[in-house]
Amino acid sequence: MEYYTLLTDIGIKKVIESQVDGTQLHLKSFAVGDGGDGNYTPQETQTHLMNETYRNNISRIYTDKEHVNRLVIECSIPPTSGGYYIREVGIFDESRNLIAIANVPESYKPVEEEGSTRDFYIKVVIEIENLKD
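Just so we're clear, the structure is a prediction, and the values are computed from it rather than from any experiment. (Residues numbered from 1 in each chain as written. Predicted model: local features only at pLDDT ≥ 70, side-chain atom pairs only at ≥ 80, totals over all residues. Heavy atoms only, no water.)

Right, let's talk about the sheet that holds strand β8 (residues 120-127) for a bit. Pairing is antiparallel across the open sheet formed by three strands, whose spatial order is β4-β5-β8. Bordering the open sheet on either side are β4 (60-63) and β8, each of which pairs with just one other strand. Each adjacent strand pair in this sheet contributes to an overall mean axis angle of 20°, direction not counted. By the bridge criterion, four bridges tie β4 to strand β5 (residues 70-77) in an arrangement that is antiparallel. Note that in β5 the partner of I61 across the bridge is I73. (Pairing = 2+ DSSP bridges. Helix = DSSP H or I, 4+ residues; strand = E, 2+ residues; numbered from the N terminus. Axes fitted to C-alpha atoms, helices over the stretch in contact; angles between N-to-C directions.)

So, in structure tokens, the structure goes:
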């Protein structure tokens, strides 16, 4: 299976508006999900994850130093959250619009009651083409 991140239709619209109007796109939160108990191919038309299991604020956003058209978004899940598989990640703006979606290799996020716990970090990379002509 191939893993990647793509902008949703809403995300593409918001990026174009940002470039044309000069308005800022405020990426605020991320969510992870189990993909509905399996891997799937994300679609640009999606407005939500298949099965969201956790949501929180984005930890850090920055531009890749080697590729200026790549946005890197870091997200963390604390040890207190878990007991689920992660197969999908969504990036949301301040209005809770799904801007980007990624399918990721399956990972299990344990909780302490299961005998193991850890912080879980996710990096999502979004490649932005020049959409303004």
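What follows is about the environment of E129. Following the sequence through the fold, E129 ends up in the segment after β8. A relative accessible area of 52% places E129 in the exposed class. (Buried < 20%, exposed > 50% of the residue type's maximum accessible area, 1.4 Å probe, protein only.)

On the surface, I12, I16 and V20 cluster together into a nonpolar patch covering about 220 Å² of accessible area. With respect to the helices, strands and loops of the structure, I16 is situated in helix α1 (residues 9-21). A relative accessible area of 34% places I16 in the partly exposed class. (Patch = residues over 30% accessible without salt bridge, like charges linked within 9 Å, V, L, I, M, F, W, Y side chains within 5 Å. Areas by Shrake-Rupley, 256 points an atom, 1.4 Å probe, with all protein chains shown as cover. Salt bridge = Lys/Arg side-chain N within 4 Å of Asp/Glu carboxyl O.)

This next bit is on the packing of aromatic side chains. Following the criterion strictly, the structure yields two aromatic pairs and no others. Between the aromatic rings of F30 and Y54, the centroid separation amounts to 6.1 Å while the plane-to-plane angle is 55°, which identifies the pairing as tilted. Remark: Y54 occurs in strand β3 (residues 52-57) and F30 occurs in strand β2 (residues 27-33); sequence separation between them is 24 residues. Taking relative accessible area as the criterion, Y54 reaches 14% and is therefore assigned buried. Cation over ring: R55 sits above F92, and NZ or CZ is 3.9 Å from the ring centre. (Phe/Tyr/Trp six-rings, centres within 6.5 Å; stacked < 30°, edge-to-face > 60°. Lys NZ or Arg CZ within 6 Å of the ring centre and 35° of its normal.)

Before going further, it helps to spend a moment on the nonpolar core. F30, V32, I73, I77, I91 and I122 are the most contacted members of the largest nonpolar core, which totals 22 residues. Where this core is concerned, the elements lending two or more residues are β2, β5, β6 (84-93), β7 (98-109) and β8. Apart from the residues lying within four places of it in its own chain, the contact partners of F30 are Y54, R55, N56, N57, I58, C75, S76, I77, G90, I91 and F92. (Core = buried A, V, L, I, M, F, W, Y, C linked by side-chain atoms within 4.5 Å. Contact = heavy atoms within 4.5 Å.)

The next subject is the sheet that holds β6. If you trace the five strands from one edge of the open sheet to the other, you get β1-β7-β6-β2-β3, paired in antiparallel fashion. One side of each edge strand has no neighbouring strand; the edge strands of this open sheet are β1 (4-7) and β3. Shown here is a sheet whose adjacent strand axes are inclined to one another by a mean of 20°, direction ignored. Two elements, β2 and β6, share six bridges in a ladder whose sense is antiparallel. The partner of L27 across the bridge, within β6, is D93. In the packing of α1 onto the sheet, the strands contacted are β1, β6 and β7, and the crossing angle to β7 comes to about 130°.

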